[in-house]
Amino acid sequence: MSRDELQIAVDWANTEGWNPGLDDAASFYAADPQGFLIGRLDNRPIATISAVKYGNSFGFVGLYIVEKSYRQKGYGIQIWNRALEYLKGRNVGLDGVVAQQENYKKSGFKLAHRNIRFAGLSRKSSPVSANMVSLSSLDFGDLCGYDRQFFPERRECFLKAWINQPDCHALGIVENGKLSGYGVIRACRTGYKIGPLNAEDKDLAIELFNALTSRVPPGSALYLDTPEPNARAIDVARLNGMEPSFETARMYTGSFPDIALDKVFGITTFELG
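Residues numbered from 1 in each chain as written. Predicted model: local features only at pLDDT ≥ 70, side-chain atom pairs only at ≥ 80, totals over all residues. Heavy atoms only, no water.

Draft legend 1. Quick peek at helix H6 (residues 156-163). By the burial criterion, the buried members of H6 are Phe-158, Leu-159, Trp-162 and Ile-163. With its buried residues spanning 110 degrees around the axis, H6 presents them on a single face. Looking at the buried residues of H6, the elements they touch are helix H2 (24-31), helix H5 (140-147), strand E7 (168-175), strand E8 (178-187) and strand E9 (192-199). (Buried < 20%, exposed > 50% of the residue type's maximum accessible area, 1.4 Å probe, protein only. Helix = DSSP H or I, 4+ residues; strand = E, 2+ residues; numbered from the N terminus. Arc of directions from axis to C-beta. Contact = heavy atoms within 4.5 Å.)

Below, the structure is given as structure tokens:
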């Protein structure tokens, strides 16, 4: 896909009810400009998929959509196979709808855990910690180093675009001169999503959550995608009056990455991992 064509996939994702961010396309494309595929029939777009490469060992599949009138006709599997071919030799992850787990298993994916999307409303602003800073004020290399414990590979190009996108707020907590948590809240087609939300402990995650939500109007629709194995992440959502609204199956073709899932309180995005 070209950068402009990627908007087709994001628009279709919205039609599917996935509620993408207003500016997701630019950040997604920055991650891997070659990693977005479009299928055409008689020059009409009928299928999309993302197959993003990270580093030398990891890839992630998302935005797998076939236009409704062309489903069950063998077109989807063609673009799916092309995506996996592009990521050949890597451990590949995805966040799939639960109903498709068995189909993904046929392609060699194994279930690692569920992710739960919580939905709620933003509340009145809370006092913000004096240790809270804008991520743009920090050394970007330090942020990338900190982020690495939460993701299977470094993701500098994506991260730089993600924290600097329009309609977002990106904040970190600094303790004793070191980053101990960070998060991003961005405007979506409906309301706002927090992601990522990574922190050393639950209290810091709550501080970040409160600081991020203080940047949006009270009563706004709010979403947080949590990895189910991190019970503390679910606690943060429930403490803020949020309820489960959707879930995905996180699956991998290879071994499950050794990441600090107990410090992941909000997943960056289901589309890119």
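This is not the end of the story, as more comes after the structure.
Draft legend 2. Just the packing of aromatic side chains, in detail. As enumerated under the stated definition, the model contains 17 aromatic pairs in all. Considering the side-chain rings of Tyr-54 and Phe-58, the 6.2 Å spacing of their centres and the 25 degrees angle between planes classify their relative orientation as stacked. The same class applies to Tyr-54 and to Phe-58, which are both buried. Their ring planes at 70 degrees and their centres at 6.2 Å tell us that Tyr-70 and Tyr-75 sit as a pair that is edge-to-face. Its relative accessible area of 26% is what places Tyr-75 among the partly exposed residues. What links up through ring pairs into an aromatic cluster is the set Tyr-54, Phe-58, Phe-60, Phe-151, Tyr-252 and Phe-256. Of note, Arg-155 hangs over the ring of Phe-151, and the distance from its end group to the ring centre comes to 4.2 Å. Here the basic side chain of Lys-160 rests over the ring of Phe-140, its NZ or CZ set 4.9 Å away from the ring centre. (Phe/Tyr/Trp six-rings, centres within 6.5 Å; stacked < 30°, edge-to-face > 60°. Lys NZ or Arg CZ within 6 Å of the ring centre and 35° of its normal.)

Draft legend 3. Representation of the state of the cysteines in the model. Summed over all chains, the structure comprises zero disulfides. With no disulfide of its own, Cys-168 lies closest to Cys-188 among cysteine sulfurs, the gap being 11 Å. On the basis of relative accessible area, Cys-168 is assigned to the buried category, the value being 15%. (Disulfide = S-S within 2.5 Å.)

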